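A structural walkthrough
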Amino acid sequence: MAAGLGRRMRPLTERWPKPVLPIDGRPVVVTLVHEVAAAGCERIVVVTGHLAAQVEALLEPLPYAIRFVRQPPGQGSADAVLRAHATPPYLVLAADTLFAPGDLARFARAGAGADGAIALHGEERPPLWLVGEKVHRFLDPLPGRAPYELQDVFRNATDRGARVSAIQVGRTRDLTHPRDLVRENFPYLRGT
């Protein structure tokens, strides 16, 4: 999911979409696409929105089967997933968070066979989900009113008997605030 406005990262995200901003000097979304491919995902759907052309231009040259879908602002994560028209099981992740090397593949293996899975890191729930067939059925129709959120789809599915696994992942790195951009790109500042 690479469609958000990145409000907390303003004014940077008025000019560049958050997924093209770097962690370790490389655009977050590029690193994620490489990780997703390394995890064994053969088809990748990137849902774009805010400044979509920048994200798409950055990813088009990569050597993977990538399809782009555009989402209007304010529709939420469940709407993004529905627009992707993916066939379960599939992974869903936000294009502003990096996971420890190999965590996406471990998460996919650990969630295999479950109706769905959510990632956990300590008390946090990083934006990583596995959507199986039973959870996928609760995407259409979307629950409630916009913004439609994936957590509501998972809640509805578990309320009706779907088995959703909570899978521990390692440390994540993300861009939430402009100061994160500095910390994530200048390692000697991470301790401050």
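Residues numbered from 1 in each chain as written. Predicted model: local features only at pLDDT ≥ 70, side-chain atom pairs only at ≥ 80, totals over all residues. Heavy atoms only, no water.

A few words now on the pattern of salt bridges. This structure, assessed with the given rule, holds seven salt bridges. In this structure, the salt-bridge partner of Asp79 is Arg83, at a minimum N-O distance of 2.5 Å. In this pair, Asp79 and Arg83 both sit in helix H4 (residues 77–84), four residues apart, roughly one turn of the helix. The partner of Arg106 in a salt bridge is Asp103, with the nearest N and O atoms 2.6 Å apart. Of the two residues, Arg106 and Asp103 are both situated in helix H5 (residues 103–111); the distance of three residues between them amounts to about one turn of the helix. (Salt bridge = Lys/Arg side-chain N within 4 Å of Asp/Glu carboxyl O. Helix = DSSP H or I, 4+ residues; strand = E, 2+ residues; numbered from the N terminus.)

The next thing to look at is the environment of Val47. Along the chain, Val47 falls in strand S3 (residues 43–48). Spatially, the C-alpha atom of Val47 lies 20 Å from that of Arg145, the residues being 98 residues apart in sequence. Setting aside its immediate chain neighbours within four residues, Val47 contacts Met1, Ala2, Ala3, Val69, Gln71, Ala80 and Ala84. (Contact = heavy atoms within 4.5 Å.)

So, about the sheet that holds strand S9 (residues 164–168). If you walk across this open sheet you meet the four strands as S5-S8-S7-S9, and the pairing is mixed. In this open sheet, the two strands that pair with only one neighbour each are strand S5 (90–93) and S9. Each strand axis lies, on average, 20 degrees off the axis of its neighbour in the sheet, ignoring direction. (Pairing = 2+ DSSP bridges. Axes fitted to C-alpha atoms, helices over the stretch in contact; angles between N-to-C directions.)

What follows is about helix H3 (residues 52–59). Here H3 has its buried residues at Ala52, Val55, Glu56 and Leu59. Down the axis of H3, the buried side of the element spans an arc of 95 degrees, and every buried residue falls inside it. The inward-facing, buried residues of H3 abut helix H2 (28–38), S3 and strand S4 (65–70). (Buried < 20%, exposed > 50% of the residue type's maximum accessible area, 1.4 Å probe, protein only. Arc of directions from axis to C-beta.)

Below, the discussion takes up the side chain of Asp103. For Asp103, a relative accessible area of 7% puts it in the buried group. Polar side-chain contacts of Asp103 include one of 2.6 Å to the backbone nitrogen of Gly170. If near-sequence neighbours (up to four positions away) are discounted, Asp103 is found in contact with Val169 and Gly170. (Polar contact = N/O pair within 3.5 Å; in protein donor to acceptor, adjacent residues only side chain to side chain.)

Time to look at the environment of Ser77. Structurally, Ser77 is set in helix H4. Residue classification places Ser77 among the buried residues on the basis of a relative accessible area of 12%. C-alpha of Ser77 to C-alpha of Leu58: the two residues are 19 residues apart in sequence and 22 Å apart in space. Setting aside residues no more than four positions away along its own chain, Ser77 makes contact with Met1, Tyr148, Glu149 and Leu150. Separated by 2.8 Å, the side chain of Ser77 and the backbone nitrogen of Leu150 make a polar contact.

Residue-level pLDDT values for the chain average 88, and 97% of them are 70 or greater. The element-level mean pLDDT for the chain is lowest in helix H8 (residues 178–185), coming to 74, with S4 highest at 95. (pLDDT = per-residue confidence, 0-100.)

A word on unusual backbone geometry. Omega for the peptide link from Pro88 to Pro89 comes to 0 degrees, which places this bond in the cis form. Within the secondary structure layout, Pro89 lies in the loop between H4 and S5. Cis geometry marks the peptide bond from Asp140 to Pro141; its omega dihedral reads 10 degrees. Its location among the elements puts Pro141 in the loop between helix H6 (133–136) and helix H7 (150–159). The phi angle at Leu51 is positive, at roughly 50 degrees, despite the residue not being glycine.

What follows deals with the side chain of Thr172. Here Thr172 shows up in strand S10 (residues 172–174). Residue classification places Thr172 among the buried positions, given a relative accessible area of 13%. Each residue touching Thr172, except ones within four places of it in the same chain, is listed here: Thr97, Leu98, Phe99 and Pro126.

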